[in-house]
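An overview of the molecular structure
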Amino acid sequence: MKFTFVTPHSPNRVDREYNAGLGAGFSIGNSLRAKLLELMRGHIAEPPFSLFGYLAAIVAKNGHDVRAEAVVPADGVAVFAPSLANFNGDLAAMKEASAREHVKVVAVGNLASALPQEFEAIADLVIKGEPESLFQSFMNLSDLPSGVVQAKAVEDLDSLPNPDWRAFAKNDNANFSYAFSESSFAFVQGSRSCPYTCEYCPYITTSSYRRRSVANVIDEIISLRDRHDVRAVVFRDPTFTLHRQWVVEFCEAMISQSIDVKWECETRFDRMDIELVQLMRDAGLRSVKFGVESADEHVLKDVKRRPANLVHQETIVSECKRLGVSVVGFYVLALPADTRETVRSTIKYAKKLNTDIARFHIFTPLPGTPLYTSVKDRIFESNWEKFDMFNVVFRHEHLSTEEIYRLKEQAYVEYYFRLGYVARRLSALFTKLASKFGITPHAVAEPLPVSSGKSA
């Protein structure tokens with residue numbers, strides 16, 4: 001039996017893997033400086049979904065033929081993981097597959113779980129939850145159930161095989177220049193879900209928190225390095241440092257085994273300390289993402305986000321910079337309790353925190369999250385592709401739609417067009433170029449010509 005994992009190309013600037021596979025867009029505004037920032041960001045990384053790697057490994061182990069395509073196959077099982085950010089394109093491809101006589105269409109992933117009604121008339125099978133257990137039973141076409149089926153969560157993540165990327169083209173178009181220069185990178189999941197209860201978060205909607213053993217994760221990274229020549233890993237855990245001892249054991253294993261793979265992770269400030277940052281840097285950490293969300297304690301508590309200590313956040317960022325670890329800060333503008341004053345306060349704090357990269361999202365009620373239910377009667381947008389974290393889709397109680405868009409553009413322009421920030425980025429780019437060409441600082445008489453960067 002042939003399984004084809006289909007990822008339709010998107011004409012839009014979307015990150016399909018992010019927001020638990022719901023995807024995210026990128027649009028700042030209409031001013032000249034806003035358009036310049038969009039241009040500087042460059043192309044988007046388009047790696048295969050993490051989930052596809054696991055499913056490919058399972059069906060390959062069962063003796064099936066595995067393909068990975070951007071177009072619909074002529075026969076066999078076509079597996080889709082539809083996203084919000086490319087909803088219309090994904091839906092059109094699924095309809096095309098459904099119209100083919102010898103193709104069975106299967107929808108998996110977070111969006112299929114949250115909005116099965118959008119796909120049940122098109123797909124032969126819509127799987128809610130984690131689909132790995134069901135895929136293990138697919139030996140023949142007759143084994144595929146039909147309709148909407150709830151799958152059980154994988155209790156022991158170590159029981160899953162390492163993701164199989166042999167059918168997926170090497171991604172030479174990845175843009176992680178702020179973190180590491182290697183174009184050959186892979187996503188890795190050390191854990192699934194999150195025990196926190198932030199009401200806007202899509203990562204907690206399909207299953208409870210579980211983590212893999214250190215040995216299991218290390219085995220996957222070694223396999224990626226030796227079999228796929230992967231030299232950089234992006235961890236997809238929402239809170240990588242949730243269990244400090246696990247992280248310590250992981251870092252010690254990376255160091256003692258001289259694995260020499262750079263990595264990036266995402267976590268919370270209140271789950272980091274100076275000693276841990278230093279150990280993670282020694283183990284290969286080169287970039288870390290933090291969800292700051294808002295600088296206002298009331299705004300955070302309103303969505304059940306535990307407020308962080310602002311001084312502690314600044315300390316951790318300073319230590320990362322000292323060690324050469326890039327820092328990305330995520331902010332959410334126009335959360336339900338936000339006002340113009342609290343948003344402006346968050347923008348001001350972002351500039352003070354001064355991370356290498358700042359990403360300002362517009363709060364978007366994502367399907368499956370508690371806040372989607374809370375504001376559902378105020379949602380005016382019917383095009384799912386607008387639910388990309390950069391568009392206003394519901395009526396805010398304190399801010400007009402026009403003001404939210406204006407604040408988003410102000411956040412980006414004010415952050416990235418600061419003289420100090422521009423100088424720092426140019427200096428970092430020069431240092432990277434000098435290192436690449438083996439030029440030591442004292443040997444440089446004149447600055448190298450600076451090419452346009454790809455990341456804002």
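Read on for a plain summary of the structure. (Residues numbered from 1 in each chain as written. Predicted model: local features only at pLDDT ≥ 70, side-chain atom pairs only at ≥ 80, totals over all residues. Heavy atoms only, no water.)

1. Some remarks on the sheet that holds strand β14 (residues 357-362)
Judged by pairing direction, the sheet is parallel, and its 6 strands sit side by side in the order β7-β10-β11-β12-β13-β14 without closing on themselves. Of all strands in the sheet, those bounded by a partner on one side alone are β7 (185-188) and β14. Taken pair by pair, the neighbouring strands of this sheet meet at an average axis angle of 20°, ignoring direction. Of the pairings in the sheet, the one linking strand β13 (residues 326-333) to β14 comprises 6 bridges and is parallel in character. Bridging from a neighbouring strand, Leu-333 pairs with Ile-362 of β14. (Pairing = 2+ DSSP bridges. Helix = DSSP H or I, 4+ residues; strand = E, 2+ residues; numbered from the N terminus. Axes fitted to C-alpha atoms, helices over the stretch in contact; angles between N-to-C directions.)

2. Some points on the packing of helix α6 (residues 214-228) against helix α7 (residues 244-256)
At a minimum axis separation of 10 Å, α6 and α7 run at an interaxial angle of 40°. One way to sum up the angle between α6 and α7 is to call them oblique. Read as a crossing pair, α6 and α7 show a hand that is right-handed. Here Val-214, Val-217, Ile-218 and Ile-221 of α6 come into contact with α7, specifically with Trp-246, Glu-249, Phe-250, Ala-253 and Met-254. Of the residues that constitute the contact of α6 with α7, the class distribution is 8 nonpolar, no polar and 1 charged. (Parallel < 35°, antiparallel > 145°, perpendicular 65-115°, else oblique. Left-handed = near helix turned anticlockwise from the far one by under 90°. Contact = heavy atoms within 4.5 Å. Nonpolar A, V, L, I, M, F, W, Y, C, P; charged D, E, K, R; others polar.)

3. Some points on a nonpolar patch on the surface
A cluster of nonpolar side chains, namely Leu-36, Leu-39 and Met-40, defines an oily patch on the protein surface of about 270 Å² accessible area. With respect to the element layout, Met-40 can be found in helix α1 (residues 32-41). Residue Met-40 is classed as partly exposed on the basis of its relative accessible area of 31%. (Patch = residues over 30% accessible without salt bridge, like charges linked within 9 Å, V, L, I, M, F, W, Y side chains within 5 Å. Areas by Shrake-Rupley, 256 points an atom, 1.4 Å probe, with all protein chains shown as cover. Salt bridge = Lys/Arg side-chain N within 4 Å of Asp/Glu carboxyl O. Buried < 20%, exposed > 50% of the residue type's maximum accessible area, 1.4 Å probe, protein only.)

4. Remarks on α1
Of all the residues in α1, the buried ones are Ala-34, Leu-37, Glu-38 and Arg-41. Taken around the axis of α1, the buried residues stretch over an arc of 100°, which confines them to a single face. Those residues of α1 that are exposed and aimed more than 90 degrees away from the buried face are Leu-32 and Leu-39. Considering only its buried residues, α1 is in contact with β14 and α13 (401-416). (Arc of directions from axis to C-beta.)

5. What about the pattern of salt bridges?
Taken as a whole and assessed by the stated rule, the structure comprises 26 salt bridges. Between Arg-244 and Asp-273 there is a salt bridge, and its shortest N-O distance comes to 2.8 Å. Here Arg-244 is found in helix α7, whereas its partner Asp-273 is found in the loop between β11 (262-267) and α8 (274-282), with 29 residues between them in sequence. Judged by relative accessible area, Arg-244 falls into the partly exposed class, the value being 34%.

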